[in-house]
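Okay, here's what each chain looks like letter by letter:
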Amino acid sequence: MTIHEKSLIRPENLIQHDKLVIDGVDVSGDWSTFIAPRVITDYNEALEAEIAAMPGGQHIHRCWQCGSCTNACTVNALNPDFNPRYWIYLIRLGMESELLRDKDIIWQCVSCNKCTNICPRDVDPEGVMKATAHWLELKGHTPRSPAMTFDHEFSAQVVATGRIEEGRLLQRFFARTGQKLTQDWLVGLIRGLILRLPVGLLARLGLAALRPPRTRRWDGAQRAMNEFIAEQTTAQRKALGLPPETAR
Amino acid sequence: MSEPIAYYPGCALEGTGHAYDRSTRAVGAALGLPLQELKDWNCCGAMEVKNIDPRLQTFLSARNLRIAAEMGHHTVMAPCNGCYHNLKKAEHDLTHDPDSRETVARLADKSGEAAYQPGSVRSIHALEWIREALGADGLRARVKNSLKGMKIANYYGCMYSRPRHIFPEKDKGPGSESTSRPHFMDELLAAAGAENMEYPLKTACCGGAHTLSDSDTSTRLVLNLLTAAEECGAEVIATECPTCHSGLEMHQARAARVFGKQTRVKILYFTQLLGLALGLSARQVGVAENLSDSRDFLRARGFR
Ligand code: SF4
Ligand code: SF4
């Protein structure tokens, strides 16, 4: 059975001895800490294949665990628990329960591509992070993250009109995530801007919000993209053994 | 007047990055470099659509490239790092990944449009556009109003140079751009009279992908960028991406408001700085349209 390094050195697995005598020798003080032995049996053998079936995850099998991704990672520098190399390791071993301990931070990848840039094996770890976040959500392990909500609102608008109008996007995003549109740090900025802007430009921006920009001759692309998304969603759910999607 | 090239502004330049659009067009006009906007362009998918499926993003960018080809252009210029990155990524995937090529062809066919032929249009960033057309020396000869040693930290962000394999023309030795230590913006601004600071975070991340969905992470990342720039002695951070630019502006304000961390460094698009050096007014390069206010700083330096 594979020995799994990190779970063994977690605080709850450490056994502390105040006084310890081994074979008549007093080793108190030197050998005070032991790690509880354990056997792992709850592997999910399908985990790697499931992640590989999510968009961005297809090259996970190439990883040789060099650690360059984690070493370069922007979010790892802020939070040492954010560890792409380790998650790839867990996924490839099938250690789902271990992976789930970090389920609430995986979506925080900022897509800076430092990992994908440095990876010697073309794993595309950035893609694997997104694939894993996607998997967590589809499997129902995490609610839809704010980032994923943003992705969906954004993509829906692009598919519908071919363009993004930021005002409308923000409104929908804040509404979906239950935040006030008037975040107080934003209000000050925007008030300052409005005071400075020439009237003509203000009128134009106001008009853009009322009559959002659209790409002309977009119907065909819209249809094709919607069909593709439906097709892919079905395939992904099937790969994870989930029933077909019912209307949200 | 040289031949016009295709111009792909992208969505952000129609919204929060309006000043970047204005200053890019103004610099082009001042330098006699004509631009022709892509007809019926669509959003590149930014950093969001690829999370639904990367091939959708390839489709979106391939459509823009196809339009450029149909308009008879060999080169398309995008000032936004995200748009530029996605065009390059699409070109790379269509050339190297049969699955992307097949999917994009199928999507194009379904939408009743022709598919883009990989290799027919070259995508360049606004930095490459000016550098190729004039070079630093050509630009220096056109400077009317030198930046007079303004201390600048050049900030390139993530999307301009990572991952390196989608930029096959970079890292080709002298004269080419470097993915680890980019220098094109430094060269142009030096030609305009700036003093470039040794700035170690040129390609660090501003957290732009999660500006709103994970604001605390973004604020911490931006605060790193701002304080490092100040410690390097910079008065201004020059930007080349609307997402980075507005992220820096918003989180500079948020850091002050929410974390109580004040920073003074000014945030300006490199095209705004070049435009001022070429003799354009602050109004012509949209200084008042930035979210952050640099007007007093520029006025004190004699730029009106
Ligand atoms: S850099 Fe690539 S090969 Fe190395 S650990 Fe990360 S994913 Fe694996
Ligand atoms: S793309 Fe995500 S996982 Fe990769 S280095 Fe950046 S933050 Fe880390």
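It should be emphasised that the depicted structure is a prediction, and the values quoted were computed from it without experimental measurement. (Residues numbered from 1 in each chain as written. Chains lettered and ligands numbered in written order. Predicted model: local features only at pLDDT ≥ 70, side-chain atom pairs only at ≥ 80, totals over all residues. Heavy atoms only, no water.)

**Quick word on the domain arrangement of chain B**
Often, the extent of an interface is quoted as the loss of accessible area upon association of its parts. Residues and elements named next belong to chain B. To keep things clear, this is the line we draw: The split of the chain into domains comes from an automatic or database domain assignment. The criterion used for residue contact is that any of the two residues' heavy atoms lie within 4.5 Å. Here the quantity called buried area is the total loss of accessible area, with a 1.4 Å probe, experienced by two parts when brought into contact, counted for both. Salt bridges are defined as contacts in which a side-chain nitrogen from Lys or Arg sits within 4 Å of a carboxyl oxygen from Asp or Glu. Any pair of nitrogen or oxygen atoms within 3.5 Å is treated as a polar contact; in protein, a donor-acceptor pairing is required on top of that, and neighbouring residues in sequence qualify only through side-chain atoms on both sides. The numbering of helices and of strands both runs from the N terminus, where a helix is a DSSP run of H or I of at least 4 residues and a strand a run of E of at least 2.
The domain boundaries assigned to chain B delineate domain 1 (5-125) and domain 2 (144-300). Taken together, the contact pairs 26 residues of domain 1 with 31 residues of domain 2. Roughly 2,200 Å² is buried in total at the junction of domain 1 and domain 2, and carbon and sulfur atoms are behind 70% of that figure. Viewed at the interface, domain 2 and domain 1 are joined by two salt bridges. Here Lys-88 ties to Glu-169 by a salt bridge, and the two come within 3.0 Å at their closest N and O atoms. Put simply, domain 1 and domain 2 have ten residue pairs in polar contact (both at pLDDT 80 or more) between them. Only helix H1 (18-31) and helix H4 (81-96) provide two or more residues apiece to the side of domain 1 that touches domain 2. Broken down by element, the residue count for the side of domain 1 that touches domain 2 peaks at ten residues, all from H1.

**A few points about helix H3 (residues 54-70) of chain B**
Residues and elements named next belong to chain B. As a reminder, the rule being used: Multiplying 1.5 Å by the helix residue count minus one yields the expected span of that helix. Here the term buried applies to any residue with accessible area under 20% of the maximum for its type, exposed to any over 50%, and partly exposed to those in between, with areas from a 1.4 Å probe on protein chains only.
Over its 17 residues, H3 extends 25 Å from the first C-alpha to the last, a length consistent with the 24 Å expected when each residue adds 1.5 Å. Taken across its 17 residues, H3 has 14 buried, putting it largely inside the fold. Measuring from the backbone nitrogen of Arg-55 back to the side-chain oxygen at the start of H3 gives 2.9 Å, which picks out Asp-53 as the cap. Taken from the residues just after H3, Gly-72 is the one with a positive phi, measuring 90°.

**Focus on the packing of H1 of chain B against helix H6 (residues 126-142) of chain B**
All names here are of chain B. Threshold: Under this scheme, a helix contributes an axis fitted over its contacting stretch, all axes are lines through C-alpha atoms, and angles between N-to-C directions fall in the 0 to 180 degree range. The scheme is simple: roughly parallel for angles under 35 degrees, roughly antiparallel for over 145, roughly perpendicular for 65 to 115, oblique for anything else. Should the near helix be turned anticlockwise from the far one by less than a right angle, the crossing is termed left-handed; should it be turned clockwise, right-handed. Lys, Arg, Asp and Glu make up the charged group, whereas Ala, Val, Leu, Ile, Met, Phe, Trp, Tyr, Cys and Pro make up the nonpolar group; the residues left over, Gly among them, are polar.
Put simply, H1 and H6 touch, their axes get as near as 12 Å, and they point 50° apart. It follows from the interaxial angle that H1 and H6 lie oblique. Both H1 and H6 take part in a crossing whose hand is left-handed. Packed against H1, whose contacting residues are Tyr-20, Thr-24, Val-27, Gly-28, Ala-30 and Leu-31, the element H6 presents Ala-126, Trp-129, Ile-130, Leu-134, Leu-139 and Arg-142 at the interface. Residues of the contact of H1 with H6, tallied by class, amount to nine nonpolar, two polar and one charged.

**Considering the site of ligand 1**
Residue and element names in this part refer to chain A. Quick note on the threshold: Whether a residue is near a molecule or strand is decided by its heavy atoms; if any one of them lies within 4 Å of it, the residue is near.
What surrounds ligand 1 is a group of 14 residues, the closest being Cys-63, Cys-66, Gly-67, Cys-69 and Cys-119. At the level of elements, helix H3 (68-72) and helix H5 (84-93) are the ones that each hand at least two residues to the shell around ligand 1. Of the residues in the shell around ligand 1, the class split is nine nonpolar, three polar and two charged.

**Considerations on the pairing of strand S7 (residues 236-239) of chain B**
All names here are of chain B. Using the following cut-off: Strands were regarded as paired on the criterion that DSSP finds at least two bridges between them. A crossover gets the label right-handed when its path from the first strand over the helix to the second runs clockwise, viewed with the strands pointing away from the viewer.
The alternating pattern of S7 places Val-236 and Ala-238 on one face and Ile-237 and Thr-239 on the opposite face, and all of these are buried. One ladder, built from three bridges, connects strand S5 (residues 151-154) with S7; its direction is parallel. Note on S7: the bridge partner recorded for Asn-154 is Ala-238. Bridge count for S7 against strand S8 (residues 266-269) is four bridges, and the pairing is parallel. Within the sheet, the bridge partner assigned to Ala-238 lies in S8 and is Leu-268. Running through helix H9 (residues 242-258), the crossover from S7 to the neighbouring parallel element S8 is right-handed.

**Some remarks on the site of ligand 2**
Residue and element names in this part refer to chain A. In the region of ligand 2, 14 residues are neighbours, and Cys-73, Cys-109, Cys-112, Asn-113 and Cys-115 sit closest. Secondary structure elements with two or more residues in the shell around ligand 2: helix H4 (74-78), helix H7 (114-118) and helix H8 (125-138). Partitioning the shell around ligand 2 into residue classes produces nine nonpolar, three polar and two charged.

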